[in-house]
Structures are given as C-alpha cells and as structure tokens.
Amino acid sequence: MSSGIPNEMKALRLHKAPSKYYELDDVPVPKAEGSKVLLKIGSAGLCHTDLMVLEGSFGGNFPIVGSHEPAGTVMALGEEAGKLGKVKVGDRVAALLPKDVCGKCSDCTIGDWKYCGNSKYGGINTDGYFSEYALVEAKHCVVIPDKMTFEQAAPLTCAGVTIYTAIKKANLNPGDILAISGLGALGSLGVQMAKAMGLKVVGIDARPEPLALAKSLKLAPDLIIDASGTSPEEAMEDIVKLRPEGYKGWDGADVTILTADPISSQSFGTSITRRHGHIILVAQPPELKFDFKNFIFQDLTLSGSLHGNEVDLKETIDLVDKHDIRSDLQVFKIDAHQKMIDATHEQGRKGKIVLTFSTFENETTV
Ligand SMILES: [Zn+2]
Ligand SMILES: [Zn+2]
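As a starting point, this report considers the structure included with it. These numbers come from a predicted model, not from an experiment. The written sequence of each chain sets the order in which its residues are numbered from 1. Here every chain gets a letter starting at A, and every ligand a number starting at 1, in the order they are written. For this predicted model, a pLDDT threshold of at least 70 governs which residues receive local features, and a threshold of 80 or more governs which side-chain atom pairs are given and counted, while totals over whole chains, interfaces and linings are taken from all residues. The side-chain values count all of the structure's non-hydrogen atoms but skip hydrogen atoms and water molecules.

1. Brief notes about the side chain of Asp312
Here is step 1 of the chain: Where helices and strands are cited, they refer to DSSP runs of H or I of at least four residues and of E of at least two residues respectively, numbered from the N terminus. Within the secondary structure, Asp312 sits in helix 11 (residues 310-322).
Here is step 2 of the chain: In what follows, a contact means two residues having at least one pair of non-hydrogen atoms within 4.5 Å. Residues in contact with Asp312, not counting those within four places in the same chain, are Val161, Tyr164, Thr165 and Lys168.

In structure tokens:
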C-alpha cells in the first residue's frame, strides 16, 4: 500500500466471550472504502462497556478488535468519505463508534442515527480501535485542536460525549442545581463540564478515591457528598444552601444524573432530587431499583440518555478545549494490555484507562 501504510498491524482482539484478556494479534490493515476513513490510531479508550463485551454481555461475532473510543490521524479516505469533505488526510480527529448506520430507519431519517437498530458498533459487534489502524465513518469524525492529545481526546468519544449529552438533556439554566451521582471517569468529566456551563454542581460518591479526585479538580463541584457517611436528609440541608438568597422553589437538586451502577447510588440520587425534578440514567446497572414513593410523591421523571452524535461530540470537544477540562488518565501501551485489564479490578482505582500508540512517554504510561 502507498502513503506509508503497512499491510499488517497489531490489534487487541477478543476471540470468545467470556474472556479475561484480549489476544495480541497481527492482522491485515483494513482498506478505506465507501464512507469510511482509515485512522492511524493515536489512542483508544477502555470503557466499562468493553468489560461487558469481555464478559460476553453483547454476544458473538468473534474475533473482534476491542474499544469504541478512537482518536487518531486520517491516513486515507474511501470515495464517498472524500466527497463528504469533512476530513482530509493528515487531520487529527476523534470519532464516534457507530458504523454502517442504515440511513433509512425513522431515527436515521431525522438524524438521530445513534438509535439506529441496524447500525454496527466498533468494539461491540464489529472491529473497534485497539489496533494500530482502524476504520471510522467520515461523518462521525470531529477534528481536534492541535494542543489536545490523542490520549485526552479518546475518552471524549464515549465517556465525554455521553455525559455532555446527558447534561444537555437536563436542560438547565446557569445557577440551577445538577447532581451527579457517581464520580468515576464519566462523572468527573461531567462535573467539570457542568461547572463550565455555569451550573451549581453536587458531586456524590461513596468511594474515597473518586471523592478525592473531585475535590482536586480546578472545576470542582460546589458541594461534594460522601454518601458512605451522609444521609440523603443531611445532604438536602447542604444542597439548599446552594440556592440564591430568597429562593422560593423546592428543596433538592433540579436534575440528577446517575453515572454509577450500585443500587445505593440510584436511591441516594432520587432522594436528593427536588419535587417535579428529573433523573437521567447513563449508567448501565444490571437492575434498577427505585422506591415508588420517590417517583409518585416527588413527581420525578426518569429518562435514559444514550451517547451523542457528531454535533454533540464537536460541542464536547470545544467545551473541553475552552475550559481546559481534563480526564485523569492511566495510560498503557499495547504490549501491557493484560496489565491494562488488571488495572480495572484494582481497588481504589480512579480516572480513565486509555491505550496509547504514541512513541513518546507521557502521563503515566505503563
Ligand atoms: Zn463507552
Ligand atoms: Zn437507521
């Protein structure tokens, strides 16, 4: 192949599920055809969903390259991708995971293709981005600022855009109160974005490390609640203090976003949300368990929020760039992929795990 693109590459593939680890394989470099562009991957994130894929939650179609959070350099464009004119060879981009959206279903026709039931998803049911090169859809690429590293850009394509879209869905005005229950990778990005948007932010977690990380942020929550030693009633007393003098509305957060799986996180989140408030679910817990009293007597609305589209990703990248919002990273090279998976099981882990293909050492590369 021309343009210095090799024929073979290294890739982390899953051959069956459940599996503990990926296999490090040599595979052919895919060709940029149709609507797709070939990226030289700079970094790709490891998301909670990847662990669900390893566990077998999404079924077969093996072998499959893991990861759905790519950032890299455009190396080649398919014919349609070239005509689209959105990106060109040499652009540094972040990209969304859907591939081959049908373009015909009711959601695709209104541009809401993230709900397309016919789509494939990189790293979930088609090859993802834990490889030196990978295909993405040209229309799902967003050019990233020169000063943004691939390692910081990769987590924005899932964790970042997901929490940004959920905050957008909250439809709040500056000064309104947003609670984020769960301060992991998603939650800590969300706290910073919500602060940058002028919201009053309540960060909730029961684990010491995420709480410490939230406290250390430049755009830290206005109120941090350690749910391991605070009752919802005590938390409400502090939340009400975030309201301006003379506030005549209801007690509690206007909207609460649930980013963590534990049932305790769900019940705490609903208890501290104000009457007629809104709960937005972005976590993917095996079960939901709510007290009917919260929903009936507080008149709560529950909605889910899925990922985002290329407009949301562009807005996410712009916001993150403008306010210098950072993910706390644990960076691994491809040869250390087993250590990368082991790190997800470590007690006291915090921040976001990414794989890097950069040749220089940065952050805390393993
Ligand atoms: Zn994800
Ligand atoms: Zn569709």
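2. Notes on the coordination of the zinc ion (ligand 1)
Here is step 1 of the chain: The donor definition counts N, O and S atoms within 2.8 Å of each metal and applies 3.2 Å to Na, K and Ca; water is not among these atoms, so some sites may look incomplete. Of the protein atoms, only Cys47 (SG), His68 (NE2) and Cys158 (SG) coordinate the zinc ion (ligand 1), at distances of 2.0 to 2.2 Å.
Here is step 2 of the chain: One chain supplies every donor to the zinc ion (ligand 1), and in sequence these donors are spaced C-x20-H-x89-C. Residue Cys47 is found in the loop between strand 3 (36-46) and helix 1 (48-55), and its partner His68 is found in the loop between strand 4 (64-65) and strand 5 (69-77); the two are separated by 21 residues along the sequence. Summarising the burial analysis for this pair, Cys47 and His68 share the class buried. In this scheme, a residue with accessible area under 20% of its type's maximum is buried, one over 50% is exposed, and one in between is partly exposed, where area comes from a 1.4 Å probe on protein chains only.

3. A look at the packing of aromatic side chains
Here is step 1 of the chain: Side-chain rings of Phe, Tyr and Trp, where Trp is taken by its six-membered ring, are said to pair if the distance between their centres is within 6.5 Å; with planes under 30 degrees apart they count as stacked, over 60 as edge-to-face, and otherwise as tilted. Applying the stated criterion across every chain yields a total of two aromatic pairs.
Here is step 2 of the chain: A centroid spacing of 5.6 Å and a plane angle of 80 degrees characterise the contact between Tyr22 and Phe130, whose relative ring orientation is edge-to-face. One end of the pair, Tyr22, is in the loop between strand 1 (8-14) and strand 2 (23-28); the other, Phe130, is in the loop between strand 8 (120-121) and strand 9 (133-137), and 108 residues separate them in sequence.
Here is step 3 of the chain: Its relative accessible area of 4% is what places Tyr22 among the buried residues.
Here is step 4 of the chain: Pairing Phe290 with Phe295 gives two aromatic rings, centres 5.1 Å apart and planes at 65 degrees, and the pair type is edge-to-face.
Here is step 5 of the chain: Relative accessible area serves as the criterion here: at 23%, Phe290 is assigned to the partly exposed category.
Here is step 6 of the chain: The ring centre of Phe150 lies 4.4 Å from the NZ or CZ of Arg92, which sits over that ring. By the criterion adopted, a ring carries a charge over it if an Arg CZ or a Lys NZ lies within 6 Å of its centre and within 35 degrees of its normal.

4. A short note on the packing of helix 5 (residues 159-170) against helix 11
Here is step 1 of the chain: Every angle, taken between N-to-C directions, lies between 0 and 180 degrees, and every axis is a line fitted to C-alpha atoms, over only the stretch in contact when it is a helix. For the pair helix 5 and helix 11, the least separation of the axes is 9 Å and the interaxial angle reads 100 degrees. Considering their axes alone, helix 5 and helix 11 lie roughly perpendicular with respect to each other. Between helix 5 and helix 11, the contacting residues are Gly160, Val161, Tyr164, Thr165 and Lys168 on the first element and Asp312, Leu313, Glu315, Thr316 and Leu319 on the second.
Here is step 2 of the chain: Each residue receives one of three labels: charged for Asp, Glu, Lys and Arg, nonpolar for Ala, Val, Leu, Ile, Met, Phe, Trp, Tyr, Cys and Pro, and polar for the others, Gly being one of them. Among the residues making up the contact of helix 5 with helix 11, the classes are represented as four nonpolar, three polar and three charged. Throughout this description, any angle smaller than 35 degrees is read as roughly parallel, any larger than 145 degrees as roughly antiparallel, any in the 65 to 115 degree range as roughly perpendicular, and the remainder as oblique.

Structural measurements only, silent on function.
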